Amino acid sequence: MWQQHLAILPILIPLFTALLQLLPWGDRPQPKRRAIGLSASILTLVASAFLVTEVNSQEMLVYLLGNWEAPFGIVLMVDKLSAMMMLLTAILALPVLVYGCYSEDNLGSHFHALFQFQIMGIMGAFATGDLFNLFVFFEVLLISSYALLMHGGGKFRVRATLHYVLLNLLGSALFLIAIGTLYGVTGTLNMADMAVKIQALSGDQAMLAKAGALMLLIVFGLKAALLPLHFWLPQAYSTTSGVVAALFAIMTKVGVYSIIRVYTLIFGADANELALVAHDWLWVMGLLTMLAGALGILAARDLRLMVAYLVVISVGTILTAYSLFSTQTTGAALFYLVHSTFVTGALFLLADVMAFERGKTASRIVSGKQMANHSTYAVMFLVAAVAVIGLPPLSGFVSKLMILESASANGHNFWLWAAIIGATFIMLVAVTRAGSKMIWHTLSGKPSEQSAPLGKRAALASLLLLSLLMTVFAHPIQQYTQSVAEQLERTEDYPKWVLKAPEVSDE
């Protein structure tokens, strides 16, 4: 049955697309690469949507490459969380790629191939069932991101990319040490198998495994931009091109996903001596990450930098809610994860088109000349601001209300309420100030004649529309994220599915 191959299709489609786009293609190759890339992104979106439908009915798809049985062979393990993240990536990537096809792809070499390799790495990280292949897919997406961050050139991008590369090389080395330590004490890297073997550890072996677990937390915290490992993100995201920053709205979520996956399945409530080993750290670091992001947006004097700090706040919010380790708060955090990915991606694109039309003032939060599409951007900024701050009635308000209500029965709810409401108030002040300066208070004189292409504005509008759709369809989306959280809690099901999975072929 073709459905058995759904787990690997979102990885294979961008892989082969990238290889096709690296071919010369004769005269005027760029239109052909654009057509191939857009077609592939649509196919990836369709495959991811089918995958969500299939997983929703079957609970989990396990794909054994080469029919090598787990835990000895390479395994793709797609549950409701993996499928949701893969669909989220595919939905975000399509309008971002459409935006990039309007001359943004001409700013550097091999943009389209790098874009597809990036998608492949992200999809693989969400689908893999063992820690070593999680490392492999991390490296695929990181190598692509190094080149994409410098897309278009410039000394600021080179400097920010250098910091990003050095930190991630250090993170990669620590990742290998961590999985080597865990392999030494458990004899496996398959996540489901490791979850079983971790429960039997005690004494010195348990302490070694704890050291490996905390090293992994550092690695994933770096990828997610969790304080104090967040300082690379604002400069990297604010200096790169708008299309790359919008795609990278999903990048921090790879780190968040890895934390949720590893510290629920392997080091969750059933891990005996290692149970919930990271949750106290996540609680404190999540709250401090929200605080750092809030201070960052207050200090930001550039719209791109402000949006980058909004990403930091979103990471802190998600991981703080997850650290309470209840089904309700995890489900609410996942709803917020989807919302924040779409709205921050849209804001990066909005900052880019506004910077283009404002001329010399670019994206700095100062008064400038009126833009060619001033009214359009004013409406878009208002919608994005309401969504990202969390004001009613849009998806930001819905998701934050879900988190606060779900935490009401928890002993830490006072601090969570204080952090989220405090961060929301600071976001209201900072975002309102930016909108007032850049849109309301404009300089007198002739408006700018530079107008962003209609296709760019349409791609941006489609991302903003997703926030509106999340508001309209909040109930079914909330039901799905709640079912994801419930499945995550049933950790005993994973070994049954993965270690005794029906054979499938990758032929």
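### Overview of the overall build of the protein chain
The helix and strand inventory of the protein chain stands at 20 helices and 2 strands. On C-alpha atoms alone, the protein chain measures out to a radius of gyration of 22 Å, which is about the 23 Å that the 2.2 N^0.38 rule sets for 507 residues. C-alpha extents for the protein chain along the principal axes are approximately 75 × 60 × 40 Å. Looking at the protein chain as a whole, 62% of its 507 residues are labelled buried.

### Focus: the side chain of Ser483
Structurally, Ser483 is set in helix α19 (residues 474-489). For Ser483, a relative accessible area of 15% corresponds to the buried category. Only 2.6 Å separates the side chain of Ser483 from the backbone oxygen of Tyr480, close enough to count as a polar contact.

### Some thoughts on helix α2 (residues 29-58)
Taking 1.5 Å per residue as the helical rise, α2 with its 30 residues ought to reach 44 Å, and the 43 Å between its terminal C-alpha atoms agrees with that figure. Glu59, located one to two residues past α2, shows a positive phi value of around 75 degrees.

### Details of helix α9 (residues 232-239)
Most of α9 sits inside the fold, with 7 of its 8 residues counted as buried. Along α9, the positions that sit buried rather than exposed are Trp232, Leu233, Pro234, Ala236, Tyr237, Ser238 and Thr239.

### Points about the environment of Met251
With respect to the secondary-structure elements, Met251 resides in helix α11 (residues 251-265). C-alpha separation for the pair Met251 and Leu324, spaced 73 residues apart in sequence, amounts to 23 Å. Those residues in contact with Met251 that lie beyond four places of it in its chain are Gln118, Ile122, Leu141, Ser145, Tyr164, Lys223 and Tyr237.

### With respect to unusual backbone geometry
Here Leu227 and Pro228 are connected by a cis peptide whose omega angle stands at 5 degrees. Within the element layout of this structure, Pro228 appears in the loop between α8 (203-224) and α9. Cis rather than trans, the peptide bond between Pro392 and Pro393 has omega equal to 10 degrees. Within the chain, Asn272 stands out as a residue other than glycine whose phi angle is a positive 55 degrees. The phi torsion at Leu276 lies on the positive side, around 50 degrees, for a residue other than glycine. Secondary-structure assignment places Leu276 in the loop between α11 and α12 (279-299).

### What to know about the side chain of Thr344
Within the secondary structure, Thr344 is located in helix α14 (residues 327-358). From its side chain, Thr344 meets the backbone oxygen of Thr341 in a polar contact 3.4 Å long. The residues contacting Thr344, other than those within four sequence positions of it, are Ala249, Val307 and Val311.

### Section: the nonpolar core
The biggest cluster of nonpolar side chains holds 190 residues, and the ones touching the most others in it are Leu131, Leu216, Phe220, Tyr263 and Phe267. It is α14 that provides the largest number of residues to this core, a total of 17 residues. Those residues in contact with Leu131 that sit more than four places away from it in its chain are Phe175, Ile179, Leu182, Leu189, Met191, Met194, Leu216 and Val262.

### Description of the packing of α12 against helix α13 (residues 303-323)
Between α12 and α13, the shortest axis-to-axis distance is 7 Å and the interhelical angle comes to 155 degrees. Here α12 is positioned roughly antiparallel relative to α13, judged by the angle of their axes. α13 is crossed by α12, and the crossing has left-handed handedness. Two secondary-structure elements touch here, α12 through His279, Leu282, Trp283, Gly286, Leu287, Thr289, Met290, Ala292, Gly293, Ala294, Gly296 and Ile297 and α13 through Met306, Tyr309, Leu310, Val312, Ile313, Gly316, Thr317, Leu319, Thr320, Tyr322 and Ser323. Among the residues making up the contact of α12 with α13, the classes are represented as 14 nonpolar, 9 polar and no charged.

### A short note on the pairing of strand β1 (residues 61-64)
Here β1 shows a buried face lined by Leu61 and Tyr63 and a second buried face lined by Val62 and Leu64. Here β1 runs beside strand β2 (residues 75-78); their pairing, made up of 4 bridges, is antiparallel. Bridging across to β2, Tyr63 finds its partner in Leu76.

### Observations regarding a nonpolar patch on the surface
A cluster of nonpolar residues, Val284, Leu288, Leu291, Leu295, Leu298, Phe425, Leu428 and Val429, forms a patch on the protein surface that exposes about 660 Å² of accessible area. At the level of secondary structure, the elements contributing two or more residues to the nonpolar patch comprise α12 and α17 (413-440). When residues of the nonpolar patch are assigned to their parent elements, the largest contribution, 5 residues, is made by α12.

### Observations regarding the environment of Ser367
Mapped onto the elements, Ser367 comes out in the loop between α14 and α15 (374-389). What Ser367 contacts, discounting residues up to four positions off in sequence, is Arg358, Thr361, Lys437, His441 and Leu443. A distance of 3.2 Å separates a polar side-chain atom of Ser367 from the backbone oxygen of His441.

### Here's the deal with the packing of aromatic side chains
Under the counting rule described, the total for this entry stands at 14 aromatic pairs. Measuring from centroid to centroid gives 5.6 Å for Phe135 and Phe175, while their planes differ by 85 degrees, and the two rings are edge-to-face. A residue pair is termed long-range when its members are at least 10 positions apart, and Phe135 in helix α5 (residues 131-149) and Phe175 in helix α6 (residues 155-186) qualify at 40 residues. Residues Phe135 and Phe175 agree in their burial class; the two are buried. An aromatic cluster is defined as three or more aromatic residues linked by ring pairs; in this entry it consists of Tyr146, Tyr164, Trp232, Tyr237, Phe248 and Phe348.

Parameters at a glance
- Residues numbered from 1 in each chain as written.
- Predicted model: local features only at pLDDT ≥ 70, side-chain atom pairs only at ≥ 80, totals over all residues.
- Heavy atoms only, no water.
- Helix = DSSP H or I, 4+ residues; strand = E, 2+ residues; numbered from the N terminus.
- Rg over C-alpha atoms; globule rule 2.2 N^0.38 Å.
- Buried < 20%, exposed > 50% of the residue type's maximum accessible area, 1.4 Å probe, protein only.
- Polar contact = N/O pair within 3.5 Å; in protein donor to acceptor, adjacent residues only side chain to side chain.
- Expected span 1.5 Å × (residues − 1).
- Contact = heavy atoms within 4.5 Å.
- Core = buried A, V, L, I, M, F, W, Y, C linked by side-chain atoms within 4.5 Å.
- Axes fitted to C-alpha atoms, helices over the stretch in contact; angles between N-to-C directions.
- Parallel < 35°, antiparallel > 145°, perpendicular 65-115°, else oblique.
- Left-handed = near helix turned anticlockwise from the far one by under 90°.
- Nonpolar A, V, L, I, M, F, W, Y, C, P; charged D, E, K, R; others polar.
- Pairing = 2+ DSSP bridges.
- Patch = residues over 30% accessible without salt bridge, like charges linked within 9 Å, V, L, I, M, F, W, Y side chains within 5 Å.
- Areas by Shrake-Rupley, 256 points an atom, 1.4 Å probe, with all protein chains shown as cover.
- Salt bridge = Lys/Arg side-chain N within 4 Å of Asp/Glu carboxyl O.
- Phe/Tyr/Trp six-rings, centres within 6.5 Å; stacked < 30°, edge-to-face > 60°.

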